[in-house]
Amino acid sequence: MADKKARLTVDGLDEAIELPVYSGTEGPDVIDVRPLTGNGLFTYDPGFVSTAACESKITYIDGANGILLHRGYPIEQLAEKSDYLEVCYLLLNGELPTAEQKEKFVNTISNHTMVHEQLSQFFKGFRRDAHPMAIMCGVVGALSAFYHDSLDINDPHHREVCAYRLIAKMPTLAAMCYKYSIGQPFMYPQNNLSYGENFLRMMFGTPCADYEVNPVLARAMDRIFILHADHEQNASTSTVRLAGSSGANPFACIAAGIAALWGPAHGGANEAVLNMLDEIGDAENIPEFIEKAKDPNDPFRLMGFGHRVYRNFDPRAKVMKKTCDEVLGLLGIENDPQLQIAKQLEQIALEDEYFVKRKLYPNVDFYSGIILKAIGIPTNMFTVIFALSRTIGWISHWNEFHSSPNKIGRPRQLYTGEQQRDYPA
Ligand code: CMC
C-alpha cells in the first residue's frame, strides 16, 4: 500500500526510522507513524492539527481551495440538484440511489419518524427553560433504552436500522424540544410530507389548526440540512468515532457527538453569531467589536468567522449566503437590523488586514443563523438543527468504522507532571 517512505533521524538513535507514506485518492500524503512506538517514541499533535486519525471514503475537504465533496460530489451540486434524504442515502451507501432505491429509502425513513410514546415522558423531567441541546443529549442517549432490537453493532442489518431510526427521529425529537419549551402539545409526524415540510409542521403547527407549509421555507430548510450533513473528521464526528471505538451503542455515540457539537467553537457558533449580532446592537458599534476580536489579550472572537480546515471561503457558506438572500427576499425582510449588521460585519472582516492575513472567511454558521431566524426558529434551537442535520454524517462514520477492522481509540500524551515520589512518612 505504501508507495513512498519517509526516514526520521532522532538524536540518540543509531539508525533512521523508516516510515511508510500513503497516498489517498485526493489530498496530501500521510506518514504512517506507527513504527515510532517500537522505538519508544510517540508523536505530539495537540488539537490533531497534523494527524489523520482514520482512513475514510465518505467526505473530502480541500481547505486551501474551498472544496467539499461527499462521496466525490461537490456540495454546491448536491445543494442545487439533490435533496437531504438523497444525500443521506449517498453518505450512508456510497452511491446516489436509483429512483426505486430512493422511493424505498424515503418510505423506510417515513415509517420510523414516530418516537416511542414513553419517550415523551422524559421531556417532562426537564425544566421548560432548559437549553434544547441539553434535552437532546439526554433524549437521544435515551433511545438506546428503547430500541434493544437493533443494538448489535456487529450486525450490519442492526447498524442500518439504527441509522434509519436516527435519521427519522431526530426532527421529531428536535421539534418536541421546541414544543416543550413553549408549552404547546407535541405534534406527531405526518408521513406524506417531505423531510423538511414535516419538520416545519412539527415545529410550527398545532393540533387545533391546519398548517400549510411554505414551499420556499421547506426548500431552505432542506438546503440547511444538506449543507450540514457531513464534514469529515471534525470534533463531533471524531467524538462519535472515538465513543464508537469502545463498542458503545450508536444512540449513546450520537449523544456524545451532540455534546461535542454544542460548543461555540463548533456547532454552537450559529447560536453565538446571533447572540453576537444582538450584543453589537447597532452598526456604529461594529468597529469596537472588530477591535476586540483582533486584540490578542481579549478572548472574544468574531463568531461565524474562521475555520480549522478552510483557508478560503467555506463552500457551504457560499451556498448558504445565496439561500439567505433568496429567503430574505421572498419573505421581504431585507431590512432586518441584525441582517444589516451582519452584512456590514462581513464586508469589514473581508477587507480588514487582520482577517485577510489569517484567511478568516465567514463560515457556514454565519449565514445559517440568519436564515433560521427568518424562518422563525428561535436562536437556542439553531445548534439542535445542526445536530439533526449532522446525524447522518455521524452515523455514516460510525458505520464505516464498524464495517472494517478497527481498534479502540487511545491517544497518548507528553507527560510533564511530577516524577515518581514517595508518600510522606
Ligand atoms: N475572530 C478573531 N480571530 C480569530 C478568529 C475569529 N473568529 N478565528 C481565528 N482567529 C485568529 C486566532 O486568534 C489566531 O490568531 P493569531 O495567529 O494571531 O494567534 C489565528 O486566527 C488562527 O486561529 P486558530 O485559533 O489557530 O484557528 P483554529 O483552526 O484553531 O480555530 C475556529 C478554528 C473555527 C475554532 C476559530 O476560527 C473560531 O473560534 N471561530 C469562531 C467560532 C466559529 O465560527 N466556529 C464555527 C466553525 S464552522 C462550523 C463547524 O464546522 O463547526
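Treat the numbers as computed from the prediction; the structure is a model and nothing was measured. (Residues numbered from 1 in each chain as written. Predicted model: local features only at pLDDT ≥ 70, side-chain atom pairs only at ≥ 80, totals over all residues. Heavy atoms only, no water.)

### A look at the overall build of the protein chain
Quick reminder of the rule: Only DSSP runs of H or I reaching four residues or more are called helices, and only runs of E reaching two or more are called strands; each is numbered from the N terminus. Throughout, the radius of gyration refers to the C-alpha atoms, and the reference size of a globule is 2.2 Å times the residue count to the power 0.38. Exposed residues in this analysis have more than 50% of their type's maximum accessible area, buried residues have under 20%, and partly exposed residues fall in between, with area computed by a 1.4 Å probe over protein chains only. Contacts between residues were defined by any pair of non-hydrogen atoms, one from each residue, lying within 4.5 Å. Per-residue and other accessible areas follow the Shrake-Rupley method at a 1.4 Å probe size, with only the shown protein chains counted as cover for residues.
When helices and strands are counted, the protein chain shows 18 helices and six strands. Its C-alpha atoms give the protein chain a radius of gyration of 23 Å, within 12% of the compact-globule value 22 Å for 425 residues. When its C-alpha atoms are laid out on the principal axes, the protein chain stretches across 80 × 60 × 60 Å. Burial statistics for the protein chain: of 425 residues in total, 47% are counted as buried. Taking the contacts inside the protein chain whose residues are at least 6 apart along the sequence as the reference set, 70% of them involve residues at least 24 apart. Accessible area of the protein chain: about 21700 Å², with a carbon and sulfur share of 51%.

### Describing the site of the ligand
Rules: We call a residue near a given molecule or strand whenever any one of its heavy atoms falls within 4 Å of it. As used in this structure description, the phrase polar contact means that two N or O atoms lie within 3.5 Å; if the pair is within protein, one of them must be able to donate a hydrogen and the other to accept it, and residues adjacent in sequence are counted only when both atoms belong to side chains. Think of it as three bins: nonpolar holds Ala, Val, Leu, Ile, Met, Phe, Trp, Tyr, Cys and Pro, charged holds Asp, Glu, Lys and Arg, and polar takes everything else, Gly as well.
In the vicinity of the ligand, 21 residues are found, and the nearest of them are His266, Arg301, Leu302, Gly304 and Arg308. Tyrosine 354 has a polar side-chain atom sitting 3.0 Å from a nitrogen atom of the ligand. Considering the ligand on its own, with 940 Å² of exposed area, one finds that the protein chains cover 74% of that surface. The residue inventory of the shell around the ligand, partitioned by class, reads nine nonpolar, six polar and six charged.

### Remarks on the pairing of strand S4 (residues 59–62)
Rule in force here: Only when DSSP finds a minimum of two bridges between them are two strands counted as paired.
The pairing of S4 with strand S5 (residues 67–70) spans four bridges and is classified as antiparallel. Pairing of tyrosine 60 across the sheet is with leucine 69, part of S5. Here S4 hands over to S5 after four residues, with glycine 66 in that stretch at a positive phi of 65°.

### Some details on the state of the cysteines
To keep things clear, this is the line we draw: Cysteine sulfurs are considered disulfide-paired once they come within 2.5 Å of each other.
By the definition in use, this model includes zero disulfides. The cysteine cysteine 253 is free of any disulfide, with cysteine 162 supplying the nearest cysteine sulfur at 9.9 Å. Of the residues examined, cysteine 253 reaches a relative accessible area of 0% and is grouped as buried.

### Some remarks on empty space enclosed by the protein
Remark: the empty space left among the atoms is shown by a probe the size of a water molecule rolled over them. In plain terms, the rule: Here a cavity denotes a set of grid points, spaced 1 Å apart and computed over the protein atoms alone, in which a 1.4 Å probe fits but from which it cannot get out, and a pocket denotes an open set meeting protein on both sides within 12 Å along at least five of seven lines; residues with an atom within 4 Å of a point are reported as lining. Grid points are joined across faces, edges and corners, and a volume is the space filled by probe spheres set on the points.
Inspection of every chain in the model, using the stated rule, returns one cavity of 30 Å³ or more. Put simply, the largest cavity is a space of about 60 Å³. Lining the largest cavity, in full, are Lys321, Cys324, Asp325, Leu339, Ala342, Lys343, Glu346, Phe366, Tyr367 and Ile370. For the lining of the largest cavity, the elements supplying multiple residues, two or more each, are helix H14 (315–331), helix H15 (337–351) and helix H17 (364–375). Top element by residues in the lining of the largest cavity is H15. It accounts for four residues. Residue classes in the lining of the largest cavity are distributed as six nonpolar, no polar and four charged.

### Remarks on the layout of surface pockets
In this model, the second largest pocket occupies a volume close to 250 Å³. Taken together, 13 residues line the second largest pocket, and the ones lying closest to its centre are Tyr89, Asn93, Phe105, Glu160 and Tyr164. At the level of secondary structure, the elements contributing two or more residues to the lining of the second largest pocket comprise helix H3 (84–93), helix H4 (99–110) and helix H7 (156–182). If you tally residues by element for the lining of the second largest pocket, the top one is H7, at five residues. A per-class count over the lining of the second largest pocket returns six nonpolar, four polar and three charged.

### Points about the sheet that holds S4
Strands sit in the order S4-S5-S6 across an open sheet of three strands; the sheet is antiparallel. Only two strands of the sheet have a single neighbouring strand rather than two, namely S4 and strand S6 (73–74). Judged from the two bridges that link them, S5 and S6 form a sheet pairing that is antiparallel. What sits directly across from leucine 69, in S6, is proline 74.

### Considerations on the packing of H3 against H4
Heads up, the condition is: Fitted lines through C-alpha atoms give the axes, limited to the stretch in contact for helices. The angle between two N-to-C directions lies from 0 to 180 degrees. Angles are sorted into four bins: roughly parallel if under 35 degrees, roughly antiparallel if over 145, roughly perpendicular if 65 to 115, and oblique for all others.
Contact geometry of H3 with H4 gives a least axis separation of 10 Å together with a crossing angle of 100°. Relative to H4, H3 is oriented roughly perpendicular. Only Gln101, Lys102, Phe105, Val106 and Ile109 of H4 make contact with H3, whose side of the interface consists of Leu85, Glu86, Cys88, Tyr89 and Leu92. When its residues are assigned to classes, the contact of H3 with H4 shows seven nonpolar, one polar and two charged.

### Considering the side chain of asparagine 249
By the secondary structure assignment, asparagine 249 is in the loop between helix H10 (235–245) and helix H11 (250–261). A polar contact is formed between the side chain of asparagine 249 and the backbone nitrogen of phenylalanine 251, at a distance of 2.9 Å. Not counting residues within four places of it along the chain, the set of residues in contact with asparagine 249 comprises Ser144 and Leu151.

### As for the sheet that holds strand S3 (residues 30–31)
Strand order in the open sheet formed by three strands is S1-S2-S3, with antiparallel pairing between adjacent strands. Taken across any chain shown, the strands that pair with only one partner, and hence form the sheet edges, are strand S1 (4–8) and S3. Sheet analysis places S1 next to strand S2 (residues 17–22), joined by five bridges and oriented antiparallel. Within S2, the residue paired with lysine 4 across the bridge is valine 21.

### With respect to the packing of aromatic side chains
Aromatic rings in a pair are described by how distant their centres are and how their planes are angled relative to each other. Just so we agree on the cut-off: Stacked, tilted and edge-to-face are the three classes assigned to paired rings of Phe, Tyr and Trp, where Trp is represented by its six-membered ring and a pair needs centres within 6.5 Å; plane angles under 30 degrees give stacked, over 60 edge-to-face, the rest tilted.
Scanning the model with the defined rule gives 18 aromatic pairs in all. Centroid distance tyrosine 84 to phenylalanine 225: 5.4 Å. Interplanar angle 55°. Geometry classified as tilted. With tyrosine 84 in helix H3 and phenylalanine 225 in helix H9 (residues 215–227), this residue pair connects regions lying 141 residues apart in the sequence. Phenylalanine 225 shares its class with tyrosine 84; the two are buried.

### Some points on the packing of H3 against helix H18 (residues 382–402)
As a reminder, the rule being used: Crossing handedness is read from the near helix: turned anticlockwise from the far helix by less than a right angle, it gives a left-handed crossing, and turned clockwise, a right-handed one.
Contact pair H3 / H18: the axes reach a minimum separation of 9 Å and the direction vectors enclose 15°. Considering the angle they form, H3 stands roughly parallel to H18. The chirality of how H3 crosses H18 is right-handed. Together, Tyr84, Cys88, Leu91 and Leu92 of H3 and Leu388, Ser389, Ile392, Ile395 and Ser396 of H18 make up the contact between the two elements.

Scope: geometric values only; no functional claims are made or implied.
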